[in-house]
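# Structural features, examined
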There are 4 protein chains.
Amino acid sequence: MSAEKINEQTRGVYIISPTPFTETGEVDFASTDSLIDFYFETGVTGITILGVLGEAQKLAPTEARAFLEHVMKRVDGRKPIVVGASNPGTDNLVRFARQAMDLGAAGLMISPQPFLKTDDQVFGYWAEVLTRLGPDVPVCYQDYPQTTNTVSSVGVLHRLIDAFPNFVMLKHEEGSGLPKITKLRERSDRGEGRRVSILVGNGGLYLPQELRRGVDGAMTGFAYPEMLVGVVEKFHAGDVEGAEDLFDIYLPILRHEQQMGFGLAIRKEVLKRRGIIACSDTRHPGPKLTARDHQELTELMARLQRKLHG
Amino acid sequence: MSAEKINEQTRGVYIISPTPFTETGEVDFASTDSLIDFYFETGVTGITILGVLGEAQKLAPTEARAFLEHVMKRVDGRKPIVVGASNPGTDNLVRFARQAMDLGAAGLMISPQPFLKTDDQVFGYWAEVLTRLGPDVPVCYQDYPQTTNTVSSVGVLHRLIDAFPNFVMLKHEEGSGLPKITKLRERSDRGEGRRVSILVGNGGLYLPQELRRGVDGAMTGFAYPEMLVGVVEKFHAGDVEGAEDLFDIYLPILRHEQQMGFGLAIRKEVLKRRGIIACSDTRHPGPKLTARDHQELTELMARLQRKLHG
Amino acid sequence: MSAEKINEQTRGVYIISPTPFTETGEVDFASTDSLIDFYFETGVTGITILGVLGEAQKLAPTEARAFLEHVMKRVDGRKPIVVGASNPGTDNLVRFARQAMDLGAAGLMISPQPFLKTDDQVFGYWAEVLTRLGPDVPVCYQDYPQTTNTVSSVGVLHRLIDAFPNFVMLKHEEGSGLPKITKLRERSDRGEGRRVSILVGNGGLYLPQELRRGVDGAMTGFAYPEMLVGVVEKFHAGDVEGAEDLFDIYLPILRHEQQMGFGLAIRKEVLKRRGIIACSDTRHPGPKLTARDHQELTELMARLQRKLHG
Amino acid sequence: MSAEKINEQTRGVYIISPTPFTETGEVDFASTDSLIDFYFETGVTGITILGVLGEAQKLAPTEARAFLEHVMKRVDGRKPIVVGASNPGTDNLVRFARQAMDLGAAGLMISPQPFLKTDDQVFGYWAEVLTRLGPDVPVCYQDYPQTTNTVSSVGVLHRLIDAFPNFVMLKHEEGSGLPKITKLRERSDRGEGRRVSILVGNGGLYLPQELRRGVDGAMTGFAYPEMLVGVVEKFHAGDVEGAEDLFDIYLPILRHEQQMGFGLAIRKEVLKRRGIIACSDTRHPGPKLTARDHQELTELMARLQRKLHG
C-alpha cells in the first residue's frame, strides 16, 4: 500500500524522525516501531526519515536501506514518508532516491551541496539533480544555509520553480528568513509563478509567524509533535490566537532544543524520557549531554508539565 | 562624578544601547537623552554603548566621540557606562579606550578580531590588547563567534584569566554555549582560577538557564529591559520559578528580536513604538522592515500587552 | 595638478602601496617618499593607496588623511592615484571618498561589505554606494572574496555595469576565477554591455593567463613592480611569450609572497631589503617574520638575483 | 604480498591518484591500470587512493571497495598504498579502514571532520578515531583547513603525537603554513616529542621551501609526478639548488593546477593528454573545462615542453 505523494498543496506536519540506536550502537528497530507508533498517535500528517537529525550521513548504506525498508513496512502506506537523500555525489543521490521511491516513499528531501556560491551555481546543481530524478519524483528542497553555507536566493528559487515541476515543496529554515516566505507567496499569489508547498524547519521556532505569512505547516523534529499538530490545526481552523497560545506553552523547551549541534542530543533524550525510544545515544561524532545538561532538561520538562497540567 | 568600574563581582543588567539617528541620518541627541532616561526608569544596573547594536562601526570617529561625551554627561556618574572599543587596529583601539576611560567609563567591551583560528592566535591577540590597555582598565570580553568567527575555547579563556587581571568580565554569547558557563564556574569554584563576572548576551534568549548555571546577569539589548531587570532580581532574590514565569511572557517577542541582522531594525522599532526614540532608521548598510514585518511586530507587541495586562 | 581619472579603458600597472611605519609605529613619511619615487622609477602607470595591503583599517582617520595628502602632494598629478575607500559604514565611505576626490584622486577602490549572500544583496549594497558617490566618481570594484566572503557573480556584475556608469574598473582577484574574465569580456565583445577595465590582483599570480583572456593589466602589490610593468608592456607590444618568460623568473618569489596574511610581512621586508623603506613592521594585529622566515626569504631573493643576472 | 606500512620515518613521494571514469560515468579499470603503471614509471615511493582528488565521496561504497581491491591486486605489494578513509561517521570510517588494512593497505589518510572549532574539539575527534583504529593501524593526518574549515594548531598536533603512536604522518597543506613545519620539527629535534613523517600537499606549491624546513617529501596529486620525485631525490642527495631549478621549470603549470575546485579537472585533463587515462570527466558535482580553459592548458603544456626540451 502506498500513501499519496507530496505535492504543491501538501499541508500539515511532517515530523522529522531521529534514527534510534541501541546502547551498543546498532540501529534499534524496536524503538523505531514505538517511535512511529508515537508519531501516529500525535496526529502528524507524515514522517520524514534519514535527514540530518536522522544521522543519515553516519549510517552505513546497508543500514540506511534496512532502516528505510523497516519504516516503510511498519507504516504500510498509512501515512506519507519523505526520505532524506542529500549526498555529496549525484550518482549516489539518484541511486538511493530511486530505491526510496520504489519502496513507496512520498517524496525526497534534498539539500543543495555545501558552499555553492552564486545563483548560477545553485541553479546548476539543482538542474542536474532534478533532471536526473525526473518529473515523477517530487522533491522537497531543504533550504538550510546554517549547515550548508549555501544560500538560496528568492530569485534562484523562482527560476527553479519555473523550470522544474518536480520541485514541489520548500523546507524553509534559513535564519532570519521570514520575509523570504512573503516574497515567495506574493509571487504565486500574483499568478506569476507556480505555488509550491512551504513547510518550516528550525524546530518550528517561528511557526505562528510563518503560518500567518502563508506557510502550509512544518517539517521539523521537535520532540513534542503534538504541539506542532495542534498549532497547525488551530491555525487552519481559524483560531489564530489559540494556535499561538498553545505554541507559547512549548516555546521555552522548543528554544532549548533549537541549539545548533547540541539539539540532536536533547531531542533524543526527551524522546527517551517520554518512553518512546530506549536509548538517546548519538553516533560519533555527535553531541553528548553532561549531568548538568540533564538537570537543566529535567527542570524545563517539569516546567512544561506544570504549564500544561497546572 | 564617576560610577564604580566593572569588576569580577559585577552583577545585574547592563543594557546595550542602540545609537538613535534622526530621519536625515544624524546622531539624535534628544532621543539619546530619552533613551538614557528610559533605561534609568527600568532599573538597569548600567548601560553599554557603542557596540555592534550601537552601529559603532558606522559612526565617524568624531560622532562616536560626541555620542560618548553626551552620554557620559547625561548619566553624570549615576550609573556605570561600559564602552565598546573593538577595532581592527590595536593602536586605534587603545587610543579610543583611553579617551573613554578618561571620560569616566566603567570599563570597555571588546571582541577579538574576526577569524582568529587557534587558542594561540586568540591568546596572542588578547595578550597585546590587554597589556597595552594596562592593569587599571577593566575589560569585558565579548565572546560572540556568530559575528566574529573567532571561537574562544574554555582553555584559552582560562589562560587569559590567569594572565591578565584586567580581564574582569565575560559577555557570554556563543551559540549552544550553556556548558561553557558551567566549565568556567566549576574551575573558579574549585579555586583553580580567578572568578570573573559573566553577563549573557543574545538578547537573553537563555537567561533563566544561564542564571541557574551561575551567570551574574545580562549585557544585551532586548527592547524590554524591565524584563531582564525583573528576571535577574527575582532570581537573585531566590524566586527562581517566578523569574522564569516573567521571562516566558516575553519570550515570544524576545525570540523574534533575536534574529541575526534583522534584529537591530526590530529593536529600534520597538523602542520607537514605545515612545522612547523618534526614529528607528539604521545606517547603511543595515536592515529595514517591510510593511509585512511591521504588521507582524504589531501582532507580537499586542499579544505581549494582552499577556501582561490580561 | 591632477592626473586623468581611471576609466573603462584604463590599462597598465597600478601598484598597491603599503603604508610604511617607523620602528615606533608612526607613519613614515620619508619612506613614503622613497617608495613613491621607487614606483615612478619602475614605470608603473599609477599607484593605489590605503587598501588592505596599506593597512588602512588600522590607521587613525587623521593618519589616513595625512598619508593621503602627503602622497597627493608628492605625486603632484604626475601619475593617477587610486584611493582605497572600503568602509563598514556607507556614510563614512562617502565622506572619505569625497575628500580623496577633492584632493585629486583618480578614482576609488572599494570592496563590498563582507558576507553579502545573494546577487540581490550584492546589488543592493552597490546601488546605494554607487548612487551616493554619483556619476562623476569613478570606482574600481575590488572583487576579493577570499577576504570578504562576498562572492560577486558574473550576473550581478553585469547588472551593476549596466546600471552604474561610474563602475569603470574591476579589480579581479577571485580565486579560481579565470573563466570569470572570459565571461565578462565575451559579453562586452558581443556588444551586449559596456566594457570595463579589468586589472588583476593576487600579486599577479596568473597575470600571463589573465592577459591572454583580455585583462588590461594589474593592480596589485608585488614587491618587484618592474616585473609587472615589463610583463604588461611586452604583452601589449605583442611579445606574448617574452612576457611569460619574464614572469616565470619572478614566479617563485611571487608565489612565496602570495601567502594569505603572511604575505604583507614578506612584501614589506622585500621593500626594506631593496632599500626602499626603512622598516618592515606591520601594525598589530599583523604578521611577523621569524628568523627562519627571514632565512627563507634570503634564499629566494638570492635565487632571483642569480636568475636575473646569471 | 604486502608492502611495508608507513611510519614516522617515511620519506619520498606518495602520489595522490584520481579515480578515472569512462565517458558513461563508470569507474574505468583499464585506465586505472595504466595510471598505476605510469606512477611506477615515474618512480614514486607510493600511491594514495580514494582522497578528495579521487572523488571518494562520490563513489558508491561498492565502487570504492572494487577500486580498492583492483588497485591492491594490480600493485601486488610492490609499493605501499595509502587509502583515504575520511568519513562523516566514525563507524563507517572504522569499518572501511579495517577493510583497507585487511587488503594490504600501508596506512590510512584521514582528515578531521569539518568545522571542529577548538583544540579540545579537534583532540576529542581524533582521540575517538585513533583509539578505535588501534595502535597497529598507521594514520596519515590530512591537515587541510582550506576544505575542512578545521584548523589543527601546533599545540593540538603535539598533544595527539604524544598520545597516539598510530599518528605517524602529517600531510601538511594548511595555507600560509610554512612556519608550522618548523615548529613541529624543532620540538622533535629538541627531543621533546616523537618525530612524525611530514609529507606536503597543495600540489607541492612550496615543496623546495618545505624540504628545507625539514619535511620528508610530498603526498599530492600533481599531474607530473616525475618532477616531485626528481625534486625530492635531488634534495635528499644534497643538490638543493638543482632541486629548486627542476621545480621552477614546472612551477607555472603547477600553480595553474593548484586552483581550488578547478584543479581536479585540470589534473585529469593533463593525465588524459599525456595518454595515461582515457577520459578526464569528473562526477557531478564537479568542475568542467570550457574550450577557453582547454586552450589555456594547451599553451601552458606547450611552454613546459619547450622549457624541458628547448
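Fair warning: this is a prediction, and the values are worked out from it, not measured in the lab. Along each chain, the written sequence defines residue order, and numbers are assigned to residues from 1. Following the order in which they are written, the chains are lettered starting with A and the ligands numbered starting with 1. Restriction of local features to residues with pLDDT of at least 70 applies here, the model being predicted, together with a cutoff of 80 or more for giving and counting side-chain atom pairs; totals for whole chains, interfaces and linings are based on all residues. Think of the side-chain values as coming from all heavy atoms in the structure, minus any hydrogens and water.

### Regarding the overall build of chain A
Numbering of helices and strands runs from the N terminus; a helix is a DSSP stretch of H or I covering at least four residues, while a strand is a stretch of E covering at least two. Along its length, chain A carries 12 helices and 8 strands. Radius of gyration means the value over C-alpha atoms here, while the globule rule gives 2.2 Å times the residue count to the 0.38 power. Taking 19 Å as the expected radius of gyration for a compact globule of 310 residues, we find that chain A reaches 19 Å, a close match to that expectation. Taking all 310 residues of chain A together, 66% fall into the buried category. We call two residues in contact when some of their heavy atoms are within 4.5 Å. Here the analysis covers contacts within chain A between residues at least 6 apart in sequence; of these, 73% occur between residues at least 24 apart. For chain A, the accessible surface area stands at approximately 10800 Å², while carbon and sulfur atoms represent 52% of it. In this charge count, Lys and Arg are treated as positive and Asp and Glu as negative; neither His nor the chain ends contribute. To locate a charge, the coordinates of NZ of Lys, CZ of Arg, CG of Asp or CD of Glu are taken. Averaging the coordinates of the 36 positive side-chain charges in chain A and doing the same for the 40 negative ones gives two points 1 Å apart. Only protein chains enter the accessibility calculation, which uses a 1.4 Å probe. A residue is then buried if its area is under 20% of the maximum for its type, exposed if over 50%, and partly exposed in between. Each accessible area value is a Shrake-Rupley result obtained with a 1.4 Å probe; residue values ignore everything except the protein chains displayed when judging cover.

### Describing the relation of the copies chain B and chain C
Copies are brought into register by a least-squares superposition over C-alpha atoms of residues with pLDDT of at least 70 in both. Structural alignment of chain B on chain C gives an RMSD of 0.0 Å, achieved by rotating through 180 degrees and translating 0.0 Å along the axis. The symmetry that links the two subunits is that of a two-fold axis. Among all residues of chain B, the one whose C-alpha sits closest to the rotation axis is Pro61 of chain B, at a distance of 3.8 Å. Mapped onto chain C, 96% of the interface residues of chain B are again interface residues, and the two copies thus contact each other with one and the same surface.

### Description of the packing of aromatic side chains
We call Phe, Tyr and Trp rings a pair once their centres come within 6.5 Å, taking the six-membered ring for Trp, and we label the pair stacked below 30 degrees between planes, edge-to-face above 60, and tilted otherwise. Within this structure, the stated rule accounts for 34 aromatic pairs over all chains. Summarising the aromatic geometry, the rings of Phe115 of chain B and Phe115 of chain C are spaced 6.1 Å apart at their centres and angled 0 degrees between planes, so their arrangement reads as stacked. Taken together, the positions of Phe115 of chain B in the loop between β4 (107-110) and α4 (119-133) and Phe115 of chain C in the loop between β4 (107-110) and α4 (119-133) put the pair across two chains. Classification of Phe115 of chain C as partly exposed rests on a relative accessible area of 36%. Three or more aromatic residues link up through ring pairs in this structure, and these residues are Tyr125, Trp126, Tyr141 and Phe167 of chain A. It is Arg159 of chain B that lies over the ring of Phe123 of chain B; its NZ or CZ is 4.3 Å from the centre. The rule for a charge over a ring is simple: NZ of Lys or CZ of Arg within 6 Å of the ring centre, and within 35 degrees of the ring normal. When the ring centre of Phe40 of chain D is taken as reference, the NZ or CZ atom of Arg78 of chain D above it lies at 4.2 Å.

### Topic: the interface of chain C and chain D
Buried accessible area, meaning the area lost when the parts come together, often serves as the stated size of an interface. Chain C puts 32 residues into the contact, and the matching count from chain D is 32 residues. Buried surface at the junction of chain C and chain D, both sides included, amounts to about 2700 Å², of which 46% is carbon and sulfur. For this analysis, a salt bridge means a side-chain nitrogen from Lys or Arg found within 4 Å of a carboxyl oxygen belonging to Asp or Glu. Where chain C meets chain D, there are 18 salt bridges. Glu244 of chain C serves as the salt-bridge partner of Arg303 of chain D, at 3.8 Å between the closest nitrogen and oxygen. Here a polar contact is taken to be a pair of N or O atoms separated by no more than 3.5 Å, where protein atoms must pair a possible hydrogen donor with a possible acceptor and residues adjacent in sequence count only if both atoms sit in side chains. If you look at where chain C meets chain D, you find 26 residue pairs in polar contact (both at pLDDT 80 or more). Per element, the largest residue contribution to the side of chain C that touches chain D is 9 residues, and it comes from helix α10 (residues 240-257) of chain C. Charged residues are taken to be Asp, Glu, Lys and Arg, nonpolar residues to be Ala, Val, Leu, Ile, Met, Phe, Trp, Tyr, Cys and Pro, and polar residues to be all remaining types, Gly included. Here the side of chain C that touches chain D is composed, by residue class, of 11 nonpolar, 7 polar and 14 charged. Note on definitions: buried area is the accessible-area loss of two parts on being combined, 1.4 Å probe, summed for both.

### Points about the pairing of strand β6 (residues 167-172) of chain D
Residues and elements named next belong to chain D. Among the 6 residues in β6, 6 count as buried, and that is most of the element. Between any two strands, pairing holds if DSSP finds at least two bridges. Of the strand pairs in this sheet, strand β5 (residues 139-143) and β6 are connected by 5 bridges, and their pairing is parallel. When the bridges of β6 are listed, Val139 appears paired with Phe167. Bridge count for β6 against strand β7 (residues 197-200) is 4 bridges, and the pairing is parallel.

### Overview of helix α12 (residues 291-309) of chain D
In this analysis, the expected span of each helix is defined as 1.5 Å times one less than the number of residues it contains. Here α12 of chain D spans 27 Å end to end across 19 residues, near enough to the 27 Å set by a 1.5 Å rise per residue. Residues of α12 of chain D that are buried: Arg292, Asp293, Glu296, Leu297, Leu300, Met301, Arg303 and Leu304 of chain D. Each element contacted by the buried residues of α12 of chain D is listed here: α7 (178-189), α8 (207-212) and α10 of chain C together with α10 (240-257) and α11 (262-273) of chain D. Of the residues trailing α12 of chain D, Gly310 of chain D is marked for its positive phi of about 75 degrees.

### A few points about the relation of the copies chain C and chain D
Structural alignment of chain C on chain D gives an RMSD of 0.0 Å, achieved by rotating through 180 degrees and translating 0.0 Å along the axis. Taken together, the interface assignments show that 100% of the residues at the interface of chain C recur at the interface of chain D, consistent with an identical surface on both copies.

### Re the side chain of Ser152 of chain A
Residue and element names in this part refer to chain A. Inspection of the secondary structure assignment puts Ser152 in the loop between α5 (145-148) and α6 (154-163). A polar atom in the side chain of Ser152 sits 2.5 Å from the side chain of Tyr141. Setting aside chain neighbours within four positions, we find Ser152 in contact with Val122, Tyr141, Asp143, Leu157, Glu174 and Lys180.

### Comments concerning the pairing of β5 of chain D
Residues and elements named next belong to chain D. Counting buried residues in β5 gives 5 out of 5 residues, a clear majority hidden from the surface. Burial along β5 is two-sided: the residues Val139, Tyr141 and Asp143 and Cys140 and Gln142 are all buried. Note: strand β4 (residues 107-110) against β5, 3 bridges, orientation parallel. Looking at β5, one finds that Met109 is bridged to Cys140.

### Quick notes on the sheet that holds β5 of chain D
All names here are of chain D. Around the barrel, which closes on itself, the 8 strands sit in the order β1-β2-β3-β4-β5-β6-β7-β8 with parallel pairing between neighbours. Between one strand axis and the next, the sheet turns through 25 degrees on average, direction left out of account. Bridging between β7 and strand β8 (residues 217-220) involves 2 bridges; their strand directions are parallel. Bridge pairing in β8 places Val200 opposite Ala218. Set on the sheet, helix α9 (residues 225-236) makes contact with β1 (12-16) and β8; between it and β1 the angle comes to about 165 degrees. Here, axes are lines fitted to C-alpha atoms. For helices the fit covers the stretch in contact, and angles between N-to-C directions go from 0 to 180 degrees.

### Looking at the interface of chain B and chain C
Contact residues are listed per partner, giving 24 residues for chain B and 23 residues for chain C. When chain B packs against chain C, close to 1500 Å² is buried across both sides, 55% of that on carbon and sulfur atoms. The interface formed by chain B and chain C contains 2 salt bridges. Joining chain B to chain C, the criterion identifies 8 residue pairs in polar contact (both at pLDDT 80 or more).

### Brief notes about the environment of Gly84 of chain C
Within the fold, Gly84 of chain C resides in strand β3 (residues 81-84). Measuring from C-alpha to C-alpha, the distance between Gly84 of chain C and Ile49 of chain C comes to 6.1 Å, with 35 residues separating the pair along the chain.

### Describing the pattern of salt bridges
Close approach of charged atoms lets side chains of opposite charge pair. Considering all chains together, one arrives at 128 salt bridges over all chains under this definition. One salt bridge connects Arg212 of chain A with Glu299 of chain B, and the closest N-O pair in it is separated by 3.4 Å. Of the two residues, Arg212 of chain A sits in helix α8 (residues 207-212) while Glu299 of chain B sits in helix α12 (residues 291-309), which places them in two different chains. One salt bridge connects Arg306 of chain B with Glu241 of chain A, and the closest N-O pair in it is separated by 2.8 Å. In this pair, Arg306 of chain B is assigned in helix α12 and Glu241 of chain A in helix α10 (residues 240-257), connecting two distinct chains. A residue is classified by how much of its surface remains accessible, and Arg306 of chain B, at 42% relative accessible area, is partly exposed. Given a relative accessible area of 30%, Glu241 of chain A falls into the partly exposed group. Connected through shared salt-bridge partners, Arg212, Glu241, Glu244, Asp245 and Asp248 of chain A together with Glu299, Arg303, Arg306 and Lys307 of chain B make up one network.

### A few points about unusual backbone geometry
Cis geometry marks the peptide bond from His284 of chain A to Pro285 of chain A; its omega dihedral reads -5 degrees. Among the structural elements, Pro285 of chain A can be located in the loop between α11 (262-273) and α12 (291-309). Backbone geometry places Asp76 of chain B, a non-glycine residue, at a positive phi of 50 degrees. Along the polypeptide, Asp76 of chain B turns up in the loop between α2 (61-75) and β3 (81-84).

### Some thoughts on the confidence of the model for chain A
Residues with a pLDDT of 70 or more make up 100% of chain A, whose mean pLDDT is 97. Interface confidence for the predicted complex, expressed as ipTM, amounts to 0.97; the pTM equals 0.97. What pLDDT reports is the predictor's confidence in each residue, on a scale of 0 through 100.

### Some points on the sheet that holds strand β2 (residues 46-49) of chain C
All names here are of chain C. Read once around its circumference, the closed barrel built from 8 strands follows the order β1-β2-β3-β4-β5-β6-β7-β8, with strand pairing classed as parallel. Within this sheet the neighbouring strands show an average axis-to-axis angle of 25 degrees, counted without direction. With 4 bridges joining them, strand β1 (residues 12-16) and strand β8 (residues 217-220) adopt parallel strand pairing. Residue Ile15 lies in a different strand from β8, and its bridge partner there is Thr220. Sitting on the sheet, helix α2 (residues 61-75) is in contact with β2 and β3, with an inclination near 175 degrees to β3. Lying over the sheet, α4 contacts β4, β5 (139-143) and β6 (167-172), oriented at roughly 155 degrees with respect to β5.

### As for the environment of Phe247 of chain B
Counting through the fold element by element, Phe247 of chain B comes out in helix α10 (residues 240-257). Given a relative accessible area of 0%, Phe247 of chain B falls into the buried group. Linking Phe247 of chain B and Gly204 of chain B, residues 43 residues apart in sequence, is a C-alpha distance of 9.3 Å. Residues contacting Phe247 of chain B, with those up to four places away along its chain left out, are Arg255 of chain A together with Gly204, Leu205, Leu207, Pro208, Met227, Val231 and Leu254 of chain B.

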